Amino acid sequence: MPRPRDIGTRAETAVVRYLQPHGWPHAERRSLRGAHDAGDITGTPGICWEVKGGNAARNASDLTISRWMLELAVEVTNAQANIGVLVVQRAGIGTANAGRWWAVMPAHQVIALATGVEPAMRMHWPVRMLLGDAVTLLHAAGYGQPQPTT
């Protein structure tokens, strides 16, 4: 049975391997920081990433996602980031296909990224999309190095 730390390492590594060729060539796993956790991935200026893998992620309930979103909000503050993204491994989707894992962000953040305007109301409910689609949205808002279209 894999240890929780090994599960986390595999999931974080999969997301880093996805991000590097998709606009964040300097993405890497972040060292543990204890009480001042600033997310799982660094090298992506302005963005705090929290990555969840293994059975806990594949079988995550709405309550679990809500708890992880609260954890992410603290990490965004600790990282002094503008954006927070929770990445959750999907059932049946392995580490080689991390771009098809779920990316979850608060609604107000998705609206601000899509429109360039911060909504008057801070809507904290989670919005879920594929990580690949979240990367496209982040690029459109000026984060990372957008990939050329063919």
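Colleague: Can you explain the overall build of the protein? Please cite residues and give values.
Modeller: Helices and strands together make up the secondary structure of the protein, namely five helices and six strands. Order of helices (α) and strands (β) in the protein, N terminus to C terminus: α-β-β-β-α-α-β-β-α-β-α. Computed over C-alpha atoms, the radius of gyration of the protein comes to 14 Å, within 12% of the 15 Å expected from 2.2 N^0.38 for 150 residues, which places it in the range of a compact globule. For the protein, the C-alpha atoms occupy an extent of roughly 45 × 35 × 30 Å along the three principal directions. Per-residue burial over the protein gives 43% buried out of 150 residues. The contacts in the protein between residues at least 6 apart in sequence include a share of 55% that link residues at least 24 apart. Of the roughly 8300 Å² of accessible surface on the protein, a fraction of 54% belongs to carbon and sulfur atoms. Of note, the protein has its 14 positive side-chain charges centred 5 Å away from the centre of its 11 negative side-chain charges.

Colleague: Describe the nonpolar core, with residues and values.
Modeller: Membership of the largest hydrophobic core comes to 29 residues, with the highest contact counts inside it found for Leu19, Trp49, Val85, Met105 and Leu138. If you list the elements that add at least two residues to this core, you get helix 1 (4–19), strand 3 (47–52), strand 4 (83–88), strand 5 (102–106), helix 4 (107–115) and helix 5 (131–140). Looking at this core element by element, the count peaks at six residues for helix 1. When neighbours within four sequence positions are excluded, Met105 is seen to be in contact with Met69, Ile83, Gly84, Val85, Val110, Leu113, Trp125, Pro126, Val127, Met129, Ala134 and Leu137.

Colleague: Summarise the environment of Gly94; cite the residues concerned and give the values.
Modeller: Tracing the backbone shows Gly94 in the loop between strand 4 and strand 5. By relative accessible area, which is 35% here, Gly94 ends up partly exposed. Those residues in contact with Gly94, other than ones at most four positions away along the chain, are Gln89 and Trp101.

Colleague: Go over the pattern of salt bridges, please, and point to the residues and values.
Modeller: Summed over all chains, the structure comprises four salt bridges. A salt bridge links Arg29 to Glu12, with the nearest nitrogen and oxygen atoms 2.8 Å apart. Residue Arg29 is found in strand 1 (residues 28–29), and its partner Glu12 is found in helix 1; the two are separated by 17 residues along the sequence. Residue classification places Glu12 among the buried positions, given a relative accessible area of 10%. We note a salt bridge from Glu50 to Lys52, for which the minimum N-O separation is 3.1 Å. Residue classification places Lys52 among the buried residues on the basis of a relative accessible area of 16%. Connected through salt bridges with shared partners, the residues Glu50, Lys52 and Glu71 form a single ionic network.

About the thresholds
- Residues numbered from 1 in each chain as written.
- Predicted model: local features only at pLDDT ≥ 70, side-chain atom pairs only at ≥ 80, totals over all residues.
- Heavy atoms only, no water.
- Helix = DSSP H or I, 4+ residues; strand = E, 2+ residues; numbered from the N terminus.
- Rg over C-alpha atoms; globule rule 2.2 N^0.38 Å.
- Buried < 20%, exposed > 50% of the residue type's maximum accessible area, 1.4 Å probe, protein only.
- Contact = heavy atoms within 4.5 Å.
- Areas by Shrake-Rupley, 256 points an atom, 1.4 Å probe, with all protein chains shown as cover.
- Lys, Arg positive; Asp, Glu negative; His and termini not counted.
- Charge placed at Lys NZ, Arg CZ, Asp CG, Glu CD.
- Core = buried A, V, L, I, M, F, W, Y, C linked by side-chain atoms within 4.5 Å.
- Salt bridge = Lys/Arg side-chain N within 4 Å of Asp/Glu carboxyl O.

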